[in-house]
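Listed below are the residues making up each chain.
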Amino acid sequence: MADNSNSEDVPSDSFETAKTDKEKLTDQVMQNPQVLAALQERLENVSHTPSSYIETLPKAVKRRIDALKQLQVKCAHIEAKFYEEVHDLERKYAALYQPLFDKRRDFVTGDVEPTDAESEWPSENEEEEKLAGDLKSKVVIADKEASADEPNPKGIPEFWFTIFRNVDMLSELVQEYDEPILKHLQDIKVKFSDPGQPMSFSLEFHFEPNDYFTNSVLTKTYKMKSEPDTTDPFSFEGPEIVDCEGCTIEWKKGKNVTVKTIKKKQKHKGRGTVRTVTKQVPNDSFFNFFSPIKVSGDGESLDEDSEFTLASDFEIGHFFRERIVPRAVLYFTGEAIEDDDNFEEGEEGEEEELEGEEEGEEDDDAENDPKRESGQPAECKQQ
């Protein structure tokens, strides 16, 4: 057998020399302040994550945290009850609003003419208010003569259709062939579910007789849920729309704008003859709003496009209920749209201002940090 003892006899001083060189290199690296800062930052990020911190706690403390979570679930159930009572209040006050909304409908359709007192509103024309005495009288007389020559249409023509045009969320849904139908829309109402019934609300679109369908009212009902999810109770943030139901539109012959007829040529494989086949396919239209995607009750998940469509539908229904119906005249004049735009611009301005402040603080840190050389860029901190 060969003797391998010579190959294993390596001088011990060579190991010691290599070890000494490695230790020196490590010492040099660890003396670098940038390396130390990077290591410290990484350690802080790892040790300060909530989950890792919780894992380090004693079992007795974790047990108390679990008790707090039980209390939080009970709070969520109380909050759900609060929103149920809010829904009852909404129903109560909807009944108080309705006589005013009915009068609005009468003014819009022209069934009732407002009195002088009802139509009195401060003029925005300051120049007119400054006119004095005789000059103002002359203007009033001239206005009366001019108004006598002006047409006097019934009510407020195309009131709701104008709202649809003014609001981007709605105008995006309206096709050109929808417009003449929407000009027959006379009123939109919100109806809340009866006491003791599952939480829901319905939108009623009232139409005058027209050449497109026989329905006088088209309805859309949104079903809501106000209870914490048993699998994720901490996600509860109030009532949410969970499903919706439309209605059947009784279209008159050849007037259904939600479908279009296409012609397709088919060639017979054997005889070689060609025939033309007509078929109906779905067509983009606002009136698809009344044929929503049905949420499956067996827990079957929807595809991504269907989920997006359904979420958009819920958002539109909520917008009708919370904004359009209660403040219709302001969306007709555009004043509510200007308010919404100003609110959004204000939020964006605040965000930009905060970002600017943060950038300014970073610059100040760079100037005040004695460890950073003048030509050295600032390090980016991980969020």
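Since the structure is predicted, the reported quantities are computational estimates derived from the model, not experimental observations.

## Remarks on the environment of Lys294
Summarising the element assignment, Lys294 is placed in the loop between strand S6 (274–282) and helix H11 (304–324). Each C-alpha atom, one on Lys294 and one on Glu245, is 7.6 Å from the other, the two residues being 49 residues apart in sequence. Ignoring any residue separated from it by four or fewer positions in sequence, one finds Lys294 in contact with Asp243, Cys244, Glu245 and Leu302.

## Details of the pairing of strand S5 (residues 259–267)
Sparse coverage of S5 is indicated by the burial of zero of its nine residues. Sheet topology note: the S5/S6 ladder contains nine bridges and is antiparallel. The residue of S6 that forms the bridge with Lys260 is Val281. Hairpin connection, S5 to S6: the antiparallel pair is bridged by six residues, and Gly272 has positive phi, about 80°.

## Remarks on the pattern of salt bridges
For the coordinates displayed, the defined rule picks out 13 salt bridges. Notably, a salt bridge pairs Arg321 with Glu90, separated by 2.6 Å at the nearest N-O pair. Of this pair, Arg321 sits in helix H11 while Glu90 sits in helix H5 (residues 59–109), and the two are 231 residues apart along the sequence. Its relative accessible area of 24% is what places Glu90 among the partly exposed residues. Salt bridges sharing common partners tie together Glu90, Arg321 and Glu322.

## Brief notes about unusual backbone geometry
Positive phi values are uncommon outside glycine, yet Glu158 reaches one of about 55°. Of note, Glu158 is situated in the loop between helix H7 (133–149) and helix H8 (159–166).

Scoring rules and cut-offs
- Residues numbered from 1 in each chain as written.
- Predicted model: local features only at pLDDT ≥ 70, side-chain atom pairs only at ≥ 80, totals over all residues.
- Heavy atoms only, no water.
- Helix = DSSP H or I, 4+ residues; strand = E, 2+ residues; numbered from the N terminus.
- Contact = heavy atoms within 4.5 Å.
- Buried < 20%, exposed > 50% of the residue type's maximum accessible area, 1.4 Å probe, protein only.
- Pairing = 2+ DSSP bridges.
- Salt bridge = Lys/Arg side-chain N within 4 Å of Asp/Glu carboxyl O.

By themselves, these observations are geometric and do not establish any function.
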